[in-house]
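Secondary and tertiary structure notes
If you want the building blocks of each chain, they are given just below.
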Amino acid sequence: MTDFGVRSSVSDLRRAALRRPTTTGDFAGAGWRLPDPDLLVRQHDAYAQLLTDLGVQVERLPAADGQVDAVFAYDPAFVIGSGVVEFRSAKPARQREGAELVAALGVPVVGKLEPDAVMDGGDVCWIARDLVVAGRGYRTNQRAHDQLRAWLAAEGQELVTVDLPHDRGPAHVLHLMSGISPIADDLAVVYPPIMPVPLLQLLAERGIETIAVDDAEYETLGCNILAVRPGVVVIFAGNPRTTSELRARGVEVHEIDASELAKGDGGPTCLTRPLLRA
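Here's what I pulled together on the structure shown here. All figures in this text were calculated on a predicted structure; none of them were measured in a lab.

On a plain count of helices and strands, the chain comes out with seven helices and 15 strands. Here the C-alpha atoms of the chain give a radius of gyration of 17 Å, agreeing with the 19 Å that 2.2 N^0.38 yields for 278 residues. Viewed in the frame of its principal axes, the chain has a C-alpha envelope of about 45 × 45 × 45 Å. Counting only residues that meet the buried cut, the chain has 56% of its 278 residues in that class. Sequence-distant contacts, at least 24 apart, represent 71% of the contacts inside the chain between residues at least 6 apart. Carbon together with sulfur atoms contributes 51% to the accessible area of the chain, which is approximately 11100 Å² in total. The positive charge centre, built from 27 side chains, and the negative charge centre, built from 38, are 3 Å apart in the chain.

Below, the discussion takes up the sheet that holds strand S2 (residues 57-61). Taking strand neighbours across the sheet as the criterion, the three strands line up as S2-S1-S15 in an open arrangement whose pairing is mixed. The two strands at the open ends of the sheet, each matched to only one other strand, are S2 and strand S15 (273-277). Going from strand to strand, the sheet's axes swing by 15° on average, the running direction of each strand aside. Sheet topology places strand S1 (residues 13-19) next to S2; five bridges connect them, and they run parallel. Bridged to Arg-19 within S2 is Leu-61. The sheet strands contacting helix H1 (residues 37-53) are S1 and S2, and the helix crosses S2 at an angle near 155°.

Thresholds applied
Residues numbered from 1 in each chain as written. Predicted model: local features only at pLDDT ≥ 70, side-chain atom pairs only at ≥ 80, totals over all residues. Heavy atoms only, no water. Helix = DSSP H or I, 4+ residues; strand = E, 2+ residues; numbered from the N terminus. Rg over C-alpha atoms; globule rule 2.2 N^0.38 Å. Buried < 20%, exposed > 50% of the residue type's maximum accessible area, 1.4 Å probe, protein only. Contact = heavy atoms within 4.5 Å. Areas by Shrake-Rupley, 256 points an atom, 1.4 Å probe, with all protein chains shown as cover. Lys, Arg positive; Asp, Glu negative; His and termini not counted. Charge placed at Lys NZ, Arg CZ, Asp CG, Glu CD. Pairing = 2+ DSSP bridges. Axes fitted to C-alpha atoms, helices over the stretch in contact; angles between N-to-C directions.

What follows is the structure, given as structure tokens:
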């Protein structure tokens, strides 16, 4: 049995990579609110332990010294059925991360983006087992979409492009997955104000119900949720309305304290690079 391969955002997460947070580097320059370094590490350790307790084989990669955003292991690469695709970030401080992460994963390499293509993993997710949606915006360009579409097509999967809003401008981190987290094959959490209309329509056409996050809990990363398996999720503590709505739908919700992890504006999905989903 292979120990890699992903074709869904919600199927059973068997194996995942996490990158330990660095406690050195220019947090302010990277757009973070200054974290307590010791608590940052402890919270990340607790998150890794929670995933382990939920049955995930967690690969803990060493910190990338001085690269504060590298803790968000979802962004630099994307694992598909046949292996990993190396991404290149539009953010100058993150452009080393793709090659470094791919080298550490030990997963066959499908390809890597060409120099004129940029893409963050946060702009890409499955909404069905045969359908990937990718956002086009300040972090991800059309050239990257074209290349990823070809690699997915070779596996019989489709990529749909949707355009992201300007929102707060290029200096603000806005990914497609800032506005959507798949929870199960027929359920997703969304933040409607930043969702592309064609994507909302596509969800409806596919029979995927949505739970809308309100403005306050969008700011506390209530829309950034990791599905460990269909209907079992991890969310940052401090989002009681979203958590209540999920539980009312029968979803098993695990909350984690993440005051320091959240200071980089990344949630559980951002922290986690799935390597194998059954």
